[in-house]
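# Observations on the three-dimensional arrangement
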Amino acid sequence: MIISTNKEPSLEEFEKLCKKACQLMNEKAYREPDYYLKKGGQKLEREVKEELENAAKGTNFEGTIQIISGQRFPDIVAAKYYGVEVKSTKEDRWTLIGGSVAEGTRVEDVEHIFFLFGKLHKPVEFRTRRYEKCLCDIAVTHSPRYKIDMNLPEGETIFDKMGISYDEMRKLQNPIRPVVEYFKSTLKAGESLWWVNGEDAASAAVPAKIRMWKTLPKEEREELVAQGFALFPELFSDSRNKYERFTLWLVANHGVVSSSMRDPFSAGGQFDLDVNGVHYEKLPQKYIQLFFYKDKVEDTILKIGEDVLCATWGTEKTGFEHRMKTWMELVSKYAEKEKFNVSEFLKDMFESDNE
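Residues numbered from 1 in each chain as written. Predicted model: local features only at pLDDT ≥ 70, side-chain atom pairs only at ≥ 80, totals over all residues. Heavy atoms only, no water.

## Overview of the overall build of the protein
The secondary structure content of the protein amounts to 12 helices and 11 strands. By residue count, 47% of the 355 residues in the protein fall in the buried class. Sequence-distant contacts, at least 24 apart, represent 60% of the contacts inside the protein between residues at least 6 apart. As presented, the protein carries roughly 18,800 Å² of accessible surface, and 47% of it is formed by carbon and sulfur atoms. (Helix = DSSP H or I, 4+ residues; strand = E, 2+ residues; numbered from the N terminus. Buried < 20%, exposed > 50% of the residue type's maximum accessible area, 1.4 Å probe, protein only. Contact = heavy atoms within 4.5 Å. Areas by Shrake-Rupley, 256 points an atom, 1.4 Å probe, with all protein chains shown as cover.)

## Observations regarding the sheet that holds strand β2 (residues 82–89)
Taking strand neighbours across the sheet as the criterion, the four strands line up as β1-β2-β4-β5 in an open arrangement whose pairing is mixed. Unpaired on one side and paired on the other, β1 (76–78) and β5 (125–130) mark the two borders of the sheet. Within the sheet, the average angular offset between the axes of one strand and its neighbour, ignoring direction, is 20 degrees. Across six bridges, the pairing between strand β4 (residues 112–119) and β5 is antiparallel. When the bridges of β5 are listed, K119 appears paired with E125. Along the sheet face, helix α1 (residues 11–31) touches β1, β2, β4 and β5 and points at about 170 degrees away from the line of β5. Sitting on the sheet, helix α2 (residues 42–56) touches β1, β2, β4 and β5, and the angle it makes with β2 is about 135 degrees. (Pairing = 2+ DSSP bridges. Axes fitted to C-alpha atoms, helices over the stretch in contact; angles between N-to-C directions.)

## Some remarks on the packing of helix α11 (residues 323–334) against helix α12 (residues 342–350)
For the pair α11 and α12, interaxial distance at closest approach is 9 Å and the crossing angle is 150 degrees. Considering how the two elements wind past one another, α11 and α12 form a crossing that is right-handed. The segment α11 lies against α12, with M324, W327, M328, V331 and S332 engaging V342, S343, L346, K347 and F350. Taken together, the residues of the contact of α11 with α12 sort by class into seven nonpolar, two polar and one charged. (Left-handed = near helix turned anticlockwise from the far one by under 90°. Nonpolar A, V, L, I, M, F, W, Y, C, P; charged D, E, K, R; others polar.)

## Topic: α1
In this model α1 runs 30 Å from its N-terminal to its C-terminal C-alpha over 21 residues, within 8% of the 30 Å that 1.5 Å per residue would give. Burial in α1 covers these residues: L11, F14, L17, C18, A21, C22, L24, M25, K28 and A29. Down the axis of α1, the buried set is contained in an arc of 155 degrees. They therefore lie on one face. Exposed positions of α1 whose direction lies more than 90 degrees from the buried face are E12, K16, Y30 and R31. Elements that come into contact with the buried residues of α1 comprise α2, β1, β2, β4 and β5. (Expected span 1.5 Å × (residues − 1). Arc of directions from axis to C-beta.)

## Things to note about the state of the cysteines
As enumerated under the stated definition, the model contains zero disulfides in all. With no disulfide of its own, C18 lies closest to C22 among cysteine sulfurs, the gap being 8.9 Å. Note on C22: relative accessible area 5%, which makes it buried. (Disulfide = S-S within 2.5 Å.)

This is the structure in structure tokens:
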């Protein structure tokens, strides 16, 4: 990390400093082709610091450059407000996974950052560029991280795509939120954000292991079926794709995979059922399941976060007192081709309990 207390140099002067240091490193790479091939990480940071100091002689940056220990961002800071993030790859490419979108380790007061990127592969070459100008996309490891492309054309950064500037986004209390909203807007049928779990994307917990549905304890399977009924009303439709979103949700939120989600909901044939004094004949199995899990279904709907309901139901925000009514309307709409009155069936089942 590099830090300085000189507030005078302009951004243009700092850009010239970075370009001069980059030029000095490229000249050395040309003269001594093998010099940088064994460098990497902290060794390369020291090389960059040395060339920045050489380039800073006679400028307002002279004597201001330091390296600060620890996992901080950026690696180099000059004149307190400027920084250099050092990146390298030993492959013949100009792309790399970069730092966290959240920037939780950013050095205080640093406002402008440049990359100094080293391609430590013959022929060795270094490039420098304004940080936000080469962030092309976002990838997810344990948390959202920027993807770097030193060849990225103007106007094609991830910020151009999201419609927000880098400075605006990094100063947000939750900079992950616009990332989630952007990727949600790009989802196609059958796609899901596996790394977004629950209401707070920034603190989302991705499952550490993957499990098969058939290996789950009976109690856990029942709980997940009840949550499926509550969150995905399309399960009551006759669509061939009605299990897709629930299946993706299981993987993303619980690390559970199934070769077929039809069986937990529909296997077992048809049954007669008495609900609140009304006799229903030959009901499909999923309505029998709903009857047995109705308390868990209602509990999920009433207790889960509003953002989750709106996302899974595809609705606008609704008042707490209207949640069950909204859910029953959605189920009835999806089940409109059933041979019995689903709306009345749901009222008999749920509203009778609340009278």
